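Coordinates in review
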Amino acid sequence: MRVCDLIQRKSPFISMEFFPPKEREAWPAFFEVVDKLKVLDPLFASVTYGAGGGTQDNTLEIATRMKRDHGIEPVTHLTSVGASAEKLDAFLDSLRAADIQNVLALRGDPPRGVADFNFDLQEFKHASDVIEHITARYPEMCVGGAAYPEPHCESPSIKSDLDMVLLKVKKGAQFLVTQLFFDNRLYFDYVDRLKAMGSDVPVIPGILPIMSLKSAKFTLSLCGAAIPGKFLSALEKAYEEGGDDAVYALGIDYATKQAQQLIDGGAPGVHLYTLNRAEAVLEIGKNLKI
C-alpha cells in the first residue's frame, strides 16, 4: 500500500528505519529484530540503499521479505549518486514487480575515497531530479523526500534549504522524513515555515535514541546534528557516574519525551532510527501514548 494513503488513515503513528546487513549470515538475526519490533505496529519501515551498488540488491530483497513474510509496509531508499536513468528504472521495475509502492528519494553522499566529487556531473544532480523522474514514469509510486530541521551541511542558508525541500514537494514528494534532531523547536519552526511557503505534505520527525556516548558522537559527526548543551552535559555526567548503562537510560528517557512532545504538538507520527536494534525502540514505542 502507498504510505501517503496510510498516513491519512492513521495518525499519529510509529515508523522505523533499518539498514541491510552486508553479510548474509547476519540476516536471520536482522529479521528477528524486525519481528520483535512488529509488536509496535509500525505504519511503515524504511530500508536504506547503498550508493553505487553497495547494498541495492539487499535493499530490494529485505524490503520484499519485510512485506511478504513480516507484514510491514516497506519504503525503500533510492539514491541518485552514481545512478543513471536506466539503473533507477531497473530498480523501480523490480519494486513494481514486488508490489512495493513506496520510495524515499535521496541524493546520497559522495562515494568514499573519491576526492572532489562533483555532483553537477551526475545524471541526477539532486534528489528533486530523482523525485521528478519517479513521479513521471512510475505514477503509482508514493515518493518521499528528506528534510532538515537543522540546515544541511552544504546549504548556504536556512532559506535555501527550505527552497530545496519545497522544490521536492513541487516535483512530486508526498511526504517528508527529517534528519535526526534533538530540539523540537527546530521541527515545529521548520514545519511552520514550509507551510507558509505553500507545502501541505506531512513532515515526519526522525528520532535517534542515544545508546552510548561514543556512538552518539560518531553518528552526529556524520549527519551534522547538534545536541543541546544541557543534554550533552547530562550525557557526559551520566557517563562519568554510571558509564554507558547510565547514558542509555538517559538517552531512552530523552527520546521518549521528545517523541511524545512531537506527537502532542501535532506531528503526524515519529520515525525511529533503529540502528537494527530492538531494545531501545521497544522501550520508546511501548511508553508512547498514541
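Look a little higher up for the structure.
Residues numbered from 1 in each chain as written. Predicted model: local features only at pLDDT ≥ 70, side-chain atom pairs only at ≥ 80, totals over all residues. Heavy atoms only, no water.

Turning our attention to the packing of aromatic side chains. Using the criterion set out here, one finds 10 aromatic pairs in the structure. A centroid spacing of 5.6 Å and a plane angle of 80 degrees characterise the contact between F18 and F30, whose relative ring orientation is edge-to-face. In this pair, F18 sits in strand β1 (residues 14–18) while F30 sits in helix α2 (residues 27–37), placing the two residues 12 residues apart along the sequence. The exposure class of F18 is buried, given its relative accessible area of 1%. Using a relative accessible area of 4% as the deciding quantity, one classes F30 as buried. Both rings, one in F30 and one in F31, keep their centres 5.1 Å apart while their planes meet at 80 degrees; by these two values the pair is edge-to-face. (Phe/Tyr/Trp six-rings, centres within 6.5 Å; stacked < 30°, edge-to-face > 60°. Helix = DSSP H or I, 4+ residues; strand = E, 2+ residues; numbered from the N terminus. Buried < 20%, exposed > 50% of the residue type's maximum accessible area, 1.4 Å probe, protein only.)

Read around the closed barrel, the 8 strands follow the order β1-β2-β3-β4-β5-β6-β7-β8; overall the barrel is parallel. Neighbouring strand axes in the sheet, compared pairwise and without regard to direction, differ in orientation by 30 degrees on average. Across 3 bridges, strand β2 (residues 45–47) lies against strand β3 (residues 74–79) in parallel orientation. Bridging across to β3, S46 finds its partner in V75. Running at roughly 150 degrees to strand β4 (residues 102–106), helix α5 (residues 127–137) makes contact with β3, β4 and β5 (142–147) of the sheet. (Pairing = 2+ DSSP bridges. Axes fitted to C-alpha atoms, helices over the stretch in contact; angles between N-to-C directions. Contact = heavy atoms within 4.5 Å.)

Most of β1 sits out of view: 5 of its 5 residues are buried. Residue alternation in β1 divides its side chains into two sets, I14, M16 and F18 and S15 and E17, and both sets are buried. For β1 and strand β8 (residues 270–273), the ladder comprises 4 bridges, and the chain directions are parallel. In the sheet register, S15 faces β8, and the bridge partner there is H271. In this sheet, β2 lies alongside β1 in parallel orientation, the contact comprising 3 bridges. In the sheet register, M16 faces β2, and the bridge partner there is A45. Read as a crossover between parallel neighbours, the route from β1 over α2 to β2 is right-handed. (Right-handed = clockwise from strand over helix to strand, strands pointing away.)

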